[in-house]
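Remarks on the overall topology
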Amino acid sequence: MTRKEPFFWITVSCGVVIMAFILLPLLQMITAPSLSMMNSTIQDKDVISSIWLSIYTALSAAGISFLFGTPLAYFLARTDFRGKRLVESIIDLPIVIPHPVVGIAILSVAGKNHWFGQIIYELGIRVMGSVTGIITVLTFVGMPFYIDAVKDGFESISPRLENVSRSLGASMSATFFRITFPLAWRSMLVGIIMCCARAVSEFGAVVIVAYHPMIAPVMIYERFEAYGLKYSQPVAVWLVCLCLLLFVVLRLIALPRKGEK
Amino acid sequence: MIRTEGLNIHLGDFHLRDITLSIAENQFFVLMGPTGAGKTVLLEALAGLVPTRSGRILINGRDVTRFPPEKRGVSIVYQDYALFPHLSVGKNIFYGVHYHRIDKDIARRRFSELVEQLNIGHIVKRRPGTLSGGELQRVALARALMVNPDVILLDEPLSALDPVFREEIRIMLKTLHSTSRTTFFMVTHDFAEALSLADRAAIMNQGEIEQAGSMQDIFSRPESTFVADFVGMKNIFSARFRDREAQVGKHQFETTLRPSDENGYIAIRPEDIVLSTTRLDSSIRNVFHGTVRRIIDQGFSYEVHVRADDMTFKSMITKSSLFQLGIREGADIFLSIKASAIHVF
């Protein structure tokens, strides 16, 4: 074996430091609470409802992104037009805006001082301090991740497959459902995972729009503020475990089967 | 039958201009041209996949210019086959049946006929990902023909194949064409392919049709320097014509025809220039003396460049003739060209 240059050892040691940086705090947090504490935490009704609310609102945000984002992602993948870059940048804006600012921005149109806020108020929709508000915020921050993943998925499918389908007699919509969708559903699932992951971790925007009902990150923050580190850890561990389980299951479904390409 | 009338297409910076073509029913028509000439764009326009700016497209007498692709009765076969990767070969072939209201029994009979004709019976249950290029192309052809289209559009169907499969698919295309009533419209950049398959052809360059007509006409009577070069006339010179004589620089050529204009071109195929070490004792009047400048090995033959005063000729010679005549760079040589081998335009 040839002797490795010092540069090689620099790259390896940087890697080790980063691995430790990521894993050490997480491992410490996961192993800190005792089993009995974990057990009593999960029997706490407030904890269950907040974790459930977190997962439920994140999945709702992903569902809304799926419904509205899929056609847009398809449009962006298949069409070239003047200003396309601008549209794509606008879609990615929520990724770069600081989280509390997102909350403030949403409240400023949903408030009664704004014509839009007035309309939805008349319709009986409440954003401030409601599940609707949480879902709105999570969709806002999660949607770009869904659209980007699915757009990449559509772009990887040759338009020629769609052309052939059309020439064989299938309409545009039949082609989408018989060719494009079956070839792109995995990227949609990946998009849903990305969107959910982003949504579940949202805190800054949610506290501004809806401190109550309490999603898990808000509850973790509250317990930390009120009772200290020890009492916030078990909730955090449960949230991480349940989310990981959910993502692993989705990811397994998204993996290509043997013999499929 | 396909007719295009004054078709104009704008795609970004690329334009197809005034494309007027007429292709009879059940003809094997080949559209040729170099890469980037716009052949595939025209093919996709016929299929309704590219918007046209002006002009008309008629298929079997129907004006389909504003029709969506699924209403045109046109099947398309791409160079990269474009088989649906998530469907088995059988399902790929059956894909269009659903939309053409073909009776189930007729569809099944048609399927087994095509499968047998194209020799793909053993792979109907397999997915496209596991097939060879030749098999993929045969499946793509079966899928396109299954719906009994008025026109089948073939986009360079042979160029992505290995030489072994290429020959096989070429013969298959010829057989399929002779046994079906479908009009074949093929795009290729390979002149030899066209020569072996086409009844009629057109040559396209930079978005315009340079020449259209019978294959024989295009091969032996090109109307422009571009077409002459494309069909392999490598010696093209601008000339002044007087009676049956063409003046090129200091040289005079005897020709059998002359163009209507006084100024024009002469074009000669390399294989029609006979090389000899002594002046040939024959009736050929066009004999020139020159020096061998370059010898280019082309595998089965050699291309010999000969400089005669102010002209350079490119001649083709077999390996054995090259050795027999002892031709080497710098040697003196005679060139003989029959008057009938000189194409004028």
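Owing to the predicted nature of the structure, the values given are computational and were not obtained by experimental measurement.

1. Observations regarding the overall build of chain A
Broken down by element type, chain A carries twelve helices and zero strands. Going residue by residue from the N terminus, the α and β elements of chain A occur as α-α-α-α-α-α-α-α-α-α-α-α. Here chain A, with 261 residues, has 41% of them falling under the buried criterion. Expressed as a percentage of contacts within chain A between residues at least 6 apart in sequence, the contacts between residues at least 24 apart total 75%. About 15,100 Å² of surface is accessible on chain A, with carbon and sulfur atoms providing 70% of the total. Within chain A, one finds 21 positive and 15 negative side-chain charges whose respective centroids are separated by 8 Å.

2. Let's talk about the overall build of chain B
If you tally the helices and strands in chain B, you get nine helices and 20 strands. When its C-alpha atoms are laid out on the principal axes, chain B stretches across 75 × 45 × 35 Å. Put simply, chain B has 345 residues, and 51% of those count as buried. Across chain B, the fraction of contacts at a sequence separation of at least 24, relative to all contacts at a separation of at least 6, is 65%. Entry remark: accessible area of chain B is about 16,200 Å², with carbon and sulfur atoms responsible for 48%. Chain B carries 42 positive and 41 negative side-chain charges, and their two centres are separated by 4 Å.

3. Some words on the sheet that holds strand β1 (residues 2–11) of chain B
All names here are of chain B. Strand order in the open sheet formed by four strands is β2-β1-β4-β5, and the pairing between neighbours is antiparallel. Two strands lie at the open edges of the sheet, namely β2 (14–23) and β5 (62–63), each paired on one side alone. Strand direction decides the pairing type here: strand β4 (residues 54–59) and β5, joined by two bridges, are antiparallel. Each residue of the ladder has a partner; that of L58, found in β5, is D63.

4. Describing the domain arrangement of chain B
For chain B, the assigned domains read domain 1 (2–220) and domain 2 (234–344). Summarising the inter-unit geometry, the C-alpha centres of domain 1 of chain B and domain 2 of chain B are found 40 Å apart.

5. As for the packing of aromatic side chains
Counted by the stated rule, this structure contains 25 aromatic pairs over all chains. Ring centres 5.2 Å apart and planes at 35° place the aromatic pair F28 of chain B and F184 of chain B in the tilted group. One end of the pair, F28 of chain B, is in strand β3 (residues 28–32); the other, F184 of chain B, is in strand β8 (residues 183–188), with 156 residues separating them in the sequence. For the ring pair Y95 of chain B and Y99 of chain B, a centre distance of 6.1 Å and an interplane angle of 50° mean the geometry is tilted. We classify Y95 of chain B as buried; its relative accessible area is 1%. Since its relative accessible area comes to 22%, Y99 of chain B is described here as partly exposed. Ring pairs connect the aromatic residues Y74, F154, F176, F177 and F181 of chain A, which therefore count as one cluster. Stacked on the ring of Y121 of chain A, the Lys or Arg K112 of chain A has its end atom at 4.5 Å from the ring centre. Sitting over the ring of F219 of chain B, R269 of chain B keeps its end group 3.9 Å from the ring centre.

Reading the values: the criteria
Residues numbered from 1 in each chain as written. Chains lettered and ligands numbered in written order. Predicted model: local features only at pLDDT ≥ 70, side-chain atom pairs only at ≥ 80, totals over all residues. Heavy atoms only, no water. Helix = DSSP H or I, 4+ residues; strand = E, 2+ residues; numbered from the N terminus. Buried < 20%, exposed > 50% of the residue type's maximum accessible area, 1.4 Å probe, protein only. Contact = heavy atoms within 4.5 Å. Areas by Shrake-Rupley, 256 points an atom, 1.4 Å probe, with all protein chains shown as cover. Lys, Arg positive; Asp, Glu negative; His and termini not counted. Charge placed at Lys NZ, Arg CZ, Asp CG, Glu CD. Pairing = 2+ DSSP bridges. Domains from an automatic or database assignment. Phe/Tyr/Trp six-rings, centres within 6.5 Å; stacked < 30°, edge-to-face > 60°. Lys NZ or Arg CZ within 6 Å of the ring centre and 35° of its normal.

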